[in-house]
Amino acid sequence: MSAIPANIARISEQIAAACGRAGRRPEEVRLIAVSKVKPAELIEEAWHSGQQLFGESYVQEFRDKAPQVQAPVDWHFIGGLQTNKVKYLRGLVAMIHSVDRLQLAEEIDRQWEKLGRSVDILLQVNVGDEKSKSGCAPQELPDLAAAIARLPHLKICGLMCLPPYSDDPEEVRPFFRQLRELAGQIAELNIPGVEMRELSMGMSGDFEVAVEEGATLVRIGTAIFGERNRRT
Ligand SMILES: *Cc1c(COP(=O)(O)O)cnc(C)c1O
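Being a predicted model, the structure only gives us computed values, none of them experimental. Note that residues are indexed from 1 along each chain, following the sequence as it is written. For this predicted model, a pLDDT threshold of at least 70 governs which residues receive local features, and a threshold of 80 or more governs which side-chain atom pairs are given and counted, while totals over whole chains, interfaces and linings are taken from all residues. Remark: hydrogens and water are excluded; side-chain values derive from all non-hydrogen atoms of the structure.

S.K.: Can you help me understand the site of the ligand in this one?
M.R.: Whether a residue is near a molecule or strand depends on its heavy atoms: if one lies within 4 Å, it is near. Taken together, Val-34, Lys-36, Ser-57, Ile-78, Leu-162, Met-203, Ser-204, Arg-219, Ile-220, Gly-221, Thr-222 and Arg-228 form the complete shell of residues around the ligand. A 3.5 Å cut-off defines polar contacts: any pair of N or O atoms within that distance qualifies, except that in protein one atom must be a possible hydrogen donor and the other a possible acceptor, and neighbouring residues in sequence count only when both atoms are side-chain atoms. Take Lys-36: an N or O atom from its side chain is 2.6 Å from an oxygen atom of the ligand. Separating an oxygen atom of the ligand from a side-chain N or O atom of Thr-222 is a distance of 2.5 Å. Contact with the protein chains removes 89% of the 390 Å² of surface that the ligand exposes when unbound. Classes in brief: Ala, Val, Leu, Ile, Met, Phe, Trp, Tyr, Cys and Pro nonpolar; Asp, Glu, Lys and Arg charged; the others, Gly included, polar. Considered class by class, the residues forming the shell around the ligand number 5 nonpolar, 4 polar and 3 charged. Where accessible areas are quoted, they stem from the Shrake-Rupley method and a 1.4 Å probe; at the residue level, only the protein chains shown are allowed to cover.

Right, here's the structure in full:
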């Protein structure tokens, strides 16, 4: 037996403790097990220990792996997304976290229109203003949200960020806070069809701080499945 069930149990306790410190209820926070680069068997194992929600970052890998997973898991797509690959996610993911431009949103809308359904999305914000990172600039967020909100086959549910890396979670805290404040500002605009109920932020090294700052979706890979040897 691997360490996965114990890791998930420990992380759930840490999330609950962080909720306690922030006066939040643990049910407000959902754990996404980030399974990129990890095989289907480990996903099944996590599912058998009660984990429902999984996050993947690479379209090609997801295409190959998702059919191998027998358990009825829920998938979120959390990685960088090229417009021409959206079709491979169509109907398979419950949420796309990484929408940062209108053209990408239009393609998601087109693909889900073929199913006669809509898909939940988050707007990814480049809170650290890093050249190398995707995400829309904070000052462009209101216009982007308004434009994307007009598309009928997707639903904006909140914001996501991937802040600058630091060994010290306290250094990341201001970026989490910034994302929460941005969500508040967008909510105040009352754009029809736009909800700001989700904040996707926090990874293995900093999820407790993210929960203290209002995260509703934490994306955790390494602390559940161990180090990744391939790619990221
Ligand atoms: C890989 C990845 C994570 C998980 O990172 P860990 O440090 O392994 O927990 C979270 N979010 C995104 C967007 C990722 O690509």
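S.K.: Please clarify how the nonpolar core should be interpreted in this entry.
M.R.: General note: in soluble globular proteins, nonpolar side chains tend to be found buried as a group. Nine residue types can take part in a nonpolar core, namely buried Ala, Val, Leu, Ile, Met, Phe, Trp, Tyr and Cys, and a core is a set of them joined through side-chain atoms within 4.5 Å. Here's how the labels work: a residue is buried when its accessible area is under 20% of the maximum for its type, exposed when over 50%, partly exposed in between, all with a 1.4 Å probe on protein chains only. Ranked by internal contacts, the top residues of the largest apolar core, which has 67 residues, are Ile-96, Ile-148 and Leu-159. Formed by 7 residues, the second largest nonpolar core is a distinct cluster that contains Ile-32, Met-95, Leu-122 and Met-160.

S.K.: So what exactly am I meant to see when it comes to the packing of aromatic side chains here?
M.R.: The description of an aromatic ring pair uses the distance of the two centres, along with the angle that the planes make with each other. Side-chain rings of Phe, Tyr and Trp (the six-membered ring for Trp) are treated as a pair once their centres are within 6.5 Å; stacked means planes under 30 degrees apart, edge-to-face means over 60, and tilted covers the remaining angles. The tally for this structure, following the rule as stated, stands at 2 aromatic pairs. With 5.2 Å between their ring centres and 80° between their planes, Phe-62 and Trp-75 make a pair best called edge-to-face. Here the residue Phe-62 occupies a position in helix H3 (residues 59-65), and Trp-75 occupies one in strand S3 (residues 74-77), the gap between them amounting to 13 residues. According to the relative accessible area criterion, Phe-62 is buried, its value standing at 1%. The exposure class assigned to Trp-75 is buried, which follows from its relative accessible area of 7%. Directly above the aromatic system of Tyr-88 lies the positively charged group of Arg-63, at a separation of 3.8 Å from the ring centroid. To qualify as a helix, a DSSP run of H or I must reach at least 4 residues; to qualify as a strand, a run of E must reach at least 2; elements of each kind are numbered from the N terminus. Comment: the charge-over-ring label is applied if NZ (Lys) or CZ (Arg) is within 6 Å of the ring centre and within 35 degrees of the ring normal.

S.K.: What is the right way to look at the environment of Ile-220 in this model?
M.R.: Residue position: Ile-220 is located in strand S8 (residues 217-220). In sequence terms Ile-220 and Met-203 are 17 residues apart; their C-alpha atoms lie 4.9 Å from each other.

S.K.: Help me out: how do you make sense of helix H2 (residues 40-48) in this one?
M.R.: For an α-helix, the turn length of 3.6 residues means that residues three or four places apart are oriented alike. Among the residues making up H2, those that are buried are Ala-40, Ile-43, Glu-44, Glu-45 and Ala-46. When checking whether two residues touch, look at their non-hydrogen atoms; a contact exists if any pair is within 4.5 Å. For H2, the secondary structure elements touched by its buried residues are helix H1 (4-22), strand S2 (53-56), H3, S3 and helix H8 (222-225). Two residues or fewer past H2, Gly-50 is found with a positive phi of approximately 105°.

S.K.: Would you explain the pairing of strand S6 (residues 154-161) in this entry?
M.R.: The side chains of a regular strand alternate, first on one face of the sheet and then on the other. In terms of burial, S6 is a largely internal element, 7 of the 8 residues being buried. Here strand S5 (residues 119-125) pairs with S6 via 7 bridges, running parallel. Residue pairing in the sheet places Ile-121 in a bridge with Ile-156 of S6. Taken together, S5, helix H5 (residues 141-149) and S6 form a β-α-β motif whose crossover is right-handed. In this analysis, strands are considered paired if DSSP registers two or more bridges between them. Crossover handedness is defined here as right-handed if the route from the first strand over the helix to the second strand goes clockwise, with the strands pointing away from the viewer.

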